[in-house]
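Chain by chain, the residues run as shown.
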Amino acid sequence: MDKTPSPERILSEPALRPLIPLLWLAWDDEGCTASERDELRRRMVNLPWLEAGAGAVVEGWLGGDEPPTPGAMTALRDATASVLAEADEESPAPDGPGSAALPAGVQELEERF
C-alpha cells in the first residue's frame, strides 16, 4: 500500500505552501538523489515553524523509496507553478518575471541546505 501523502494533503497544509517547489523537485527526474532527499526531509521536518502535522506530511512524501505516482507529480508540479507565480506577483524583482524572491520558507531552506 502506498503511504505517500496525496498532493491534496500537501496542499491542505498552509505551512507547506512555500515548500511545495522543493517537495516536487525532490522526486523530479532531474531532482535529488536518495541521500539528498533524506537530508532535505530531515531539514524540513526540523524547521522551527513547521507544525507536527505538516512535518508528518513531509516525512511521508520524502521518506519512501518509491517515487509518487505520475498523477501526484503532475498535481505538485502545477502547484509549484502556482506558488512561484504568486511569489512573482507578491515580490516583483527589478530583473523581471521569474526572478522574484523565493517564498520565506524556501529561502530559509536554501540558506541552510
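Data block above holds the structure.
Residues numbered from 1 in each chain as written. Predicted model: local features only at pLDDT ≥ 70, side-chain atom pairs only at ≥ 80, totals over all residues. Heavy atoms only, no water.

Describing the overall build of the protein chain
Broken down by element type, the protein chain carries six helices and zero strands. Listed N to C, the secondary structure of the protein chain is α-α-α-α-α-α in terms of helices and strands. Taken across its 113 residues, the protein chain has 35% of its residues classed as buried. Taking the contacts inside the protein chain whose residues are at least 6 apart along the sequence as the reference set, 65% of them involve residues at least 24 apart. For the protein chain, the exposed surface amounts to about 6600 Å²; the carbon and sulfur share of it is 52%. (Helix = DSSP H or I, 4+ residues; strand = E, 2+ residues; numbered from the N terminus. Buried < 20%, exposed > 50% of the residue type's maximum accessible area, 1.4 Å probe, protein only. Contact = heavy atoms within 4.5 Å. Areas by Shrake-Rupley, 256 points an atom, 1.4 Å probe, with all protein chains shown as cover.)

Points about the packing of helix 2 (residues 20–27) against helix 4 (residues 52–62)
For any two helices packed against each other, the geometry is given by the interaxial angle and the distance between the axes. Their axes nearest at 10 Å, the elements helix 2 and helix 4 cross at an angle of 20 degrees. Of the possible angle classes, the one that applies to helix 2 and helix 4 is roughly parallel. For the crossing formed where helix 2 meets helix 4, the hand is right-handed. Here helix 2 contributes Leu-23, Ala-26 and Trp-27 to the contact with helix 4, which in turn contributes Val-58, Trp-61 and Leu-62. A breakdown of the residues in the contact of helix 2 with helix 4 according to their chemical character gives six nonpolar, no polar and no charged. (Axes fitted to C-alpha atoms, helices over the stretch in contact; angles between N-to-C directions. Parallel < 35°, antiparallel > 145°, perpendicular 65-115°, else oblique. Left-handed = near helix turned anticlockwise from the far one by under 90°. Nonpolar A, V, L, I, M, F, W, Y, C, P; charged D, E, K, R; others polar.)

Looking at the packing of aromatic side chains
Under the criterion given, the structure shown has zero aromatic pairs. Lying across the ring of Trp-27, Arg-37 places its NZ or CZ 3.7 Å from the centre. (Phe/Tyr/Trp six-rings, centres within 6.5 Å; stacked < 30°, edge-to-face > 60°. Lys NZ or Arg CZ within 6 Å of the ring centre and 35° of its normal.)

Comments concerning helix 2
Judged by how many residues are buried, helix 2 sits mostly within the fold: six of eight residues are covered. Buried within helix 2 are the following residues: Ile-20, Pro-21, Leu-22, Leu-23, Ala-26 and Trp-27.

Observations concerning the pattern of salt bridges
This structure, assessed with the given rule, holds six salt bridges. Residue Arg-42 is joined to Glu-39 by a salt bridge in which the shortest nitrogen-to-oxygen separation is 2.6 Å. Here Arg-42 and its partner Glu-39 are both found in helix 3 (residues 34–45), three residues apart, which amounts to about one turn of the helix. For Glu-39, a relative accessible area of 23% corresponds to the partly exposed category. Note that Glu-39 and Arg-43 form a salt bridge whose closest N and O atoms lie 2.6 Å from each other. In this pair, Glu-39 and Arg-43 both sit in helix 3, four residues apart, roughly one turn of the helix. A network of salt bridges, in which partner residues are shared, links Asp-38, Arg-41 and Glu-59. (Salt bridge = Lys/Arg side-chain N within 4 Å of Asp/Glu carboxyl O.)

Considering the side chain of Glu-13
With respect to the helices and strands, the residue Glu-13 is situated in the loop between helix 1 (7–11) and helix 2. A distance of 2.7 Å separates polar atoms of two side chains, one belonging to Glu-13 and the other to Arg-9. When residues no more than four places from it in sequence are discounted, the contact partners of Glu-13 are Gly-53, Ala-54 and Val-57. (Polar contact = N/O pair within 3.5 Å; in protein donor to acceptor, adjacent residues only side chain to side chain.)

Observations concerning the environment of Ser-12
By secondary structure assignment, the location of Ser-12 is in the loop between helix 1 and helix 2. Look at Ser-12 and you get partly exposed, because its relative accessible area is 43%. For the pair Ser-12 and Ala-54, spaced 42 residues apart in sequence, the C-alpha to C-alpha distance is 9.3 Å.

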